[in-house]
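# Fold and contact review
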Amino acid sequence: MTREEKATVIKDLTAQLADNANIYLADISGLNAVDTSNLRRACFKANIKLAVVKNTLLAKAMEASDKEFGELPEVLKGNTSLMFSETGNAPAKLIKNFRKKSEKPVLKGAFIEEAVYIGDNNLDALVNIKSKEEVIGDIIGLLQSPAKNVISGLKSGGGKLAGILKTLSEKE
């Protein structure tokens, strides 16, 4: 690979790192052709981009990036594959599901919304991360709960002011 080709790859990787808030590093070495094909297919179905990269080029792209990757460059040893996803926990769920049949891929590290996770032992924690949409949904559900209590109190009070006040005072 020429110097110009390497510079182009680093530039492309830097752009991909900038465009994605959820980045996973995994080791898929040792997967046979069938398993690799199945992993790629599963990634495609889950809207996860999968790419095998050279560690030295990825390290240079991380340096050139505006993001703070913390200890993540230290895991760039051996075979490294990048996984990009719009949903923070999608690659973790895919890896966990895929590992029911195989011991790979192994999670090396992840960068999720500016938080860095190092090591395969974080896989379960990453699976349980909620997306922004899920958190917003939970908050809306919590905010709607008091309004539902008032409405049910109004309905059960029979529409009379004394019944409504009695029901609302019992809810407190």
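All of the points below concern the structure found in this document. Predicted model, so just to flag it, every value in this text is computed and none were measured.

Conventions used here
Residues numbered from 1 in each chain as written. Predicted model: local features only at pLDDT ≥ 70, side-chain atom pairs only at ≥ 80, totals over all residues. Heavy atoms only, no water. Helix = DSSP H or I, 4+ residues; strand = E, 2+ residues; numbered from the N terminus. Polar contact = N/O pair within 3.5 Å; in protein donor to acceptor, adjacent residues only side chain to side chain. Contact = heavy atoms within 4.5 Å. Buried < 20%, exposed > 50% of the residue type's maximum accessible area, 1.4 Å probe, protein only. Salt bridge = Lys/Arg side-chain N within 4 Å of Asp/Glu carboxyl O. Pairing = 2+ DSSP bridges. Axes fitted to C-alpha atoms, helices over the stretch in contact; angles between N-to-C directions. Patch = residues over 30% accessible without salt bridge, like charges linked within 9 Å, V, L, I, M, F, W, Y side chains within 5 Å. Areas by Shrake-Rupley, 256 points an atom, 1.4 Å probe, with all protein chains shown as cover. Core = buried A, V, L, I, M, F, W, Y, C linked by side-chain atoms within 4.5 Å.

Relative to the helices and strands, T80 is located in strand β3 (residues 80-85). Within the structure, T80 has its side chain in polar contact with the side chain of K108 (distance 2.6 Å). Non-local contacts of T80, meaning those with residues more than four positions away in its chain, are made with L25, A26, A51, V52, V53, N55, L58 and K108.

On the secondary structure map, L72 appears in the loop between α3 (55-64) and β3. In this structure L72 comes out as buried when scored by relative accessible area, which is 0%. With 47 residues separating them in the primary sequence, L72 and G119 have C-alpha atoms 9.6 Å apart.

Before going further, it helps to spend a moment on the pattern of salt bridges. On inspection of all chains with the given rule, the structure shows three salt bridges. Note that K96 and D124 form a salt bridge whose closest N and O atoms lie 2.3 Å from each other. Placement of K96 in helix α4 (residues 90-98) and of D124 in helix α5 (residues 123-127) is noted, with a sequence separation of 28 residues between them. Overall, K96 belongs to the partly exposed group, its relative accessible area being 37%. Exposure remark for D124: the relative accessible area of 43% places this residue in the partly exposed category. Residue R99 is joined to D120 by a salt bridge in which the shortest nitrogen-to-oxygen separation is 2.7 Å. Of this pair, R99 sits in the loop between α4 and β4 (106-112) while D120 sits in the loop between β5 (115-118) and α5, placing them 21 residues apart in sequence. Note on R99: relative accessible area 26%, which makes it partly exposed. For D120, a relative accessible area of 25% translates into the label partly exposed.

This brings us to the sheet that holds β5. Strand order in this open sheet of five strands is β2-β3-β1-β4-β5, and the pairing throughout is antiparallel. Sheet topology places β2 (49-53) and β5 at the edges, where each strand pairs with a single neighbour. Strand-to-strand twist across the sheet, computed as the mean angle between neighbouring axes with direction ignored, equals 20 degrees.

Looking now at a nonpolar patch on the surface. Taken together, V135, I139 and L143 make up a surface patch of nonpolar side chains, about 280 Å² in accessible area. If you trace the backbone, V135 turns up in helix α6 (residues 132-156).

With that settled, the discussion passes to the nonpolar core. Formed by 20 residues in total, the largest nonpolar core has its most connected members in Y24, L39, C43, M83, I95 and L126. When residues of this core are traced back to their parent elements, those giving at least two are β1 (22-27), α2 (33-45), α4, β4 and α5. Counting residues per element, this core draws most heavily on α4, at five residues. Residues contacting M83, with those up to four places away along its chain left out, are N22, I23, Y24, A26, C43, I48, K49, L50, P91, L94 and I95. Core analysis: the second largest hydrophobic core is formed by 17 residues, L25, L58, L72 and F111 among them.

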